[in-house]
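Inside the fold
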Amino acid sequence: MSLSRWLLLAVALVAACAAGLALGPVPIAPGDVVRALVGAGEPQAIAIVRDLRLSRVVLAMITGAGLGMSGAALQGTLRNALAEPYLLGVSGGAAVGAVLAVVAGLTAAVALPVAAFAGAACAVVLVLLVARAARGRADPRILLMAGVVVGAFANAAIMVLLAGAGEGTVRSALWWMMGSVAGADWATIRWLTLYALGGGVALVAVARDIDLLALGEDAAAGLGVHVAGATRRIFLLAALLAAVTVAGAGLVGFVGLVVPALARALGVRRAREVLLASAVLGAALVVGADVVARTVRAPAELPLGAVTALIGVPFFLVRLRRVS
Amino acid sequence: MATDARVACIRRVLGSFPDWSEPVVFSAPAFRIVAAATLVASACGTPGDGRSRAATIEIVDDFGDTLRLVRPAARIVSLNPVITEALFALGAGARVVGRTHWDSSPVAALAVPDLGDGMQPNVEAVLATRPDLIVLYASNGNRAAAAAFHRAGVPTLTMHTDRVADLPRALQWLGRAVGDTATARRVADSVTRSLDAVRALPKGATRATVFWHVWDAPVITIGAGSYLNELVDIAGARNVFGDLQRPSPQVTMESVAQRNPDFILAGPVAARRLRADAQWQAVAAVRKHHILVIDTAVVGRPGVRMGEAARFLRAALDSATRERRP
């Protein structure tokens, strides 16, 4: 991809972040926003820009980048343009893991992504087993159906887990399941960044395998790829990235679907570039979606997952037509 | 996928707040006033006072159904904690054979069997207590249950108890249903007088503005449609989100900072959390430690302890304002 297009992506991300920092119910002049960022000016402005807006923007960036990369890796490896952590039930599995951890009292910022990852990994295995049983891993529609079934199961499991919980816990859990970056605190963000960076770097490192697997399993094996091992690694890394986003921001759907497709529309072909472009685009998209979520119905706030779904579902329908 | 169910679930959870579904801890001093009112009432009146055995009791309730009783109810299931509390205040506590899981006041009510939720109640569990009167909270989620109780032939009274003005009416209906309208009137008068006394206190030159913290994730507060908004008004303060019509609107943290309340009102656990939370430091009142810890046991529900709640709130605001001034 040409330098000018990378520049375009960078500009989109910077613009989204600038909007995220500058817009909100409290009008703060751009100059004051910059001053507040470096810790100068009124304490009120500093608190709003640093603790409310900046933390949201950073969590939205991690969420978008993680979902974008996860979607890109799944789409490449499965040779399926509709593969996406939310639609494949991977995010749902991660949510079950996270809710289990919360119910068990494990709410530490370091533990939640691990629990979510365990759930996401189980969901990936389950989806692939269901699809294989239907002899349809190659068929995008069967894989999708397997994902929907696993997602529905995850939903049911969460409802069962929450049945005995108090009213407040249920309210928070449901809000979290609709997706939100409102509860971003810095301790959580530090851990999420660490996990997401680890997963992201590892995915980029195995990008060559994604390229080769995209040629078909036989072709990849012919080119010296250990197909089963490589596939497993990629799926687990995709699950990890999805899990990190779920632990931080709940269920935010369709980002993993839209973003890699946009990246490819920009002319990116190689997996490494698709992954990187998806990370940047995903970050820009979710930061932008969060700006919409908290300004459109102010002083109320829309669930972030609802905003991304409003963007993502029409997109999904168009692609579904093309695939089938 | 199960999005519809999820949305319905959220509506149910959010929609029921802060009416009465929140668990509230009982506090003894708060109940004393009602207990006193009840004692006075029973000391003045003879047991038969206000009863009319012969006449059939007829009440058109909030779902538009007509409740008909040939004799005062003797086995009552109360599926609304405000009603349970009121029945005990009327001296009819011994007739309550079932309550919700969320009841907490008075302590004596805890001895009554717990039948689960009051919203979309377990119909079979309620019928199993062989009630001759079921009192149900009038919300759309309870229409199916009301219909089921009517089909089962059990007299059912649905009413909403959302606002200050709903309580005297509730007491009047309950008084008729248990055959003791005189006590009902006395309890209602006592509550109204307590509220009026707080209302009549001199208001400061500028009314303190408050933000009522109901929940964190998402941030939920009280709007014009809620009893707590009325209570804030009676106590001489102004709710910064009083312009929002919904009883329990969801708002962004930044809009709380923007409306810059003088005081934050929060329960004891939440107040501790707010002080420690980095995000809440965006609100000036939190930074300045202008957080009033509210005894949710006293101020929880629009019930017979409302007068006590208003007095408590007024006193808390007065002392906080005095501390702030110097």
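Preceding this section is the structure that the text describes.
Per chain, residues are indexed from 1 in the order of the written sequence. Chains carry letters from A onward and ligands carry numbers from 1 onward, assigned in written order. Under the rules for a predicted model, residues below a pLDDT of 70 receive no local features and side-chain atom pairs below 80 are neither given nor counted, while totals for whole chains, interfaces and linings still include all residues.

**Thoughts on the interface of chain B and chain A**
What counts as a contact here is a pair of residues whose C-beta atoms, placed from the backbone, lie within 7 Å. At the junction of the two partners, chain B supplies 27 residues and chain A supplies 30 residues. Secondary-structure elements contributing two or more residues to the side of chain B that touches chain A are helix 1 (3-15), helix 9 (253-259) and helix 11 (284-287) of chain B. Ten residue types, Ala, Val, Leu, Ile, Met, Phe, Trp, Tyr, Cys and Pro, are classed as nonpolar, four, Asp, Glu, Lys and Arg, as charged, and the remainder, Gly among them, as polar. Residue composition of the side of chain B that touches chain A, by class: 16 nonpolar, seven polar and four charged. Elements are defined by DSSP. Helices are runs of H or I of four residues or more, strands are runs of E of two residues or more, and each kind is numbered from the N terminus.

**Examining the sheet that holds strand 10 (residues 291-293) of chain B**
Residues and elements named next belong to chain B. Pairing in this open sheet of four strands is parallel, and the strands run 8-7-9-10 from one edge to the other. The open sheet terminates on both sides in strands that have one partner only, identified here as strand 8 (238-239) and strand 10. Pairing analysis gives three bridges linking strand 7 (residues 209-212) to strand 9 (residues 263-266), with the strands arranged parallel. Pairing of Trp 212 across the sheet is with Leu 265, part of strand 9. The convention used is that axes are lines fitted to C-alpha atoms, helices contributing only their stretch in contact, and that angles between N-to-C directions extend from 0 to 180 degrees. Along the sheet, helix 10 (residues 268-276) makes contact with strand 9 and strand 10, crossing strand 10 at roughly 155°. For two strands to pair, DSSP has to find at least two bridges joining them.

**Points about the nonpolar core**
Nonpolar side chains in soluble globular proteins tend to be buried together. In these notes, a nonpolar core means any group of buried Ala, Val, Leu, Ile, Met, Phe, Trp, Tyr and Cys residues linked to one another through C-beta atoms within 7 Å. Burial is judged by counting other C-beta atoms within 10 Å of a residue's own C-beta: 20 or more means buried, 12 or fewer means exposed, and anything between counts as partly exposed, with every C-beta placed from the backbone. Ranked by internal contacts, the top residues of the largest apolar core, which has 206 residues, are Ala 243 of chain A together with Leu 174 and Ile 264 of chain B. Here this core takes 19 residues from helix 3 (residues 43-78) of chain A, the largest share from any one element. Residue ranges for the domains trace back to a domain assignment, done automatically or taken from a database. Residue assignment places this core across two domains, with domain 1 (14-197) and domain 2 (203-324) of chain B each supplying three or more. Beyond its immediate chain neighbours, meaning those up to four positions away, Ile 264 of chain B contacts Phe 211, His 213, Leu 274, Val 283, Ala 285, Val 286, His 290, Ile 291 and Leu 292 of chain B.

**So, the pairing of strand 7 of chain B**
Residues and elements named next belong to chain B. Where strand 7 meets strand 8, two bridges bridge the pair, whose relative direction is parallel. Bridge pairing in strand 8 links Thr 209 to Arg 238. If you view a crossover with the strands going away from you and the path from the first strand over the helix to the second runs clockwise, you call it right-handed. The parallel pair strand 7 and strand 8, bridged by helix 8 (residues 227-234), forms a crossover whose chirality is right-handed.

**What to know about helix 6 (residues 166-178) of chain B**
Residue and element names in this part refer to chain B. Take the residue count of a helix, subtract one, and multiply by 1.5 Å to get its expected span. Here helix 6 is 13 residues long and its end C-alpha atoms lie 18 Å apart, about the 18 Å a rise of 1.5 Å per residue gives. Listed as buried for helix 6 are Leu 167, Ala 170, Leu 171, Trp 173, Leu 174, Gly 175, Arg 176, Ala 177 and Val 178. Just beyond helix 6, the residue with positive phi is Gly 179, at close to 75°.

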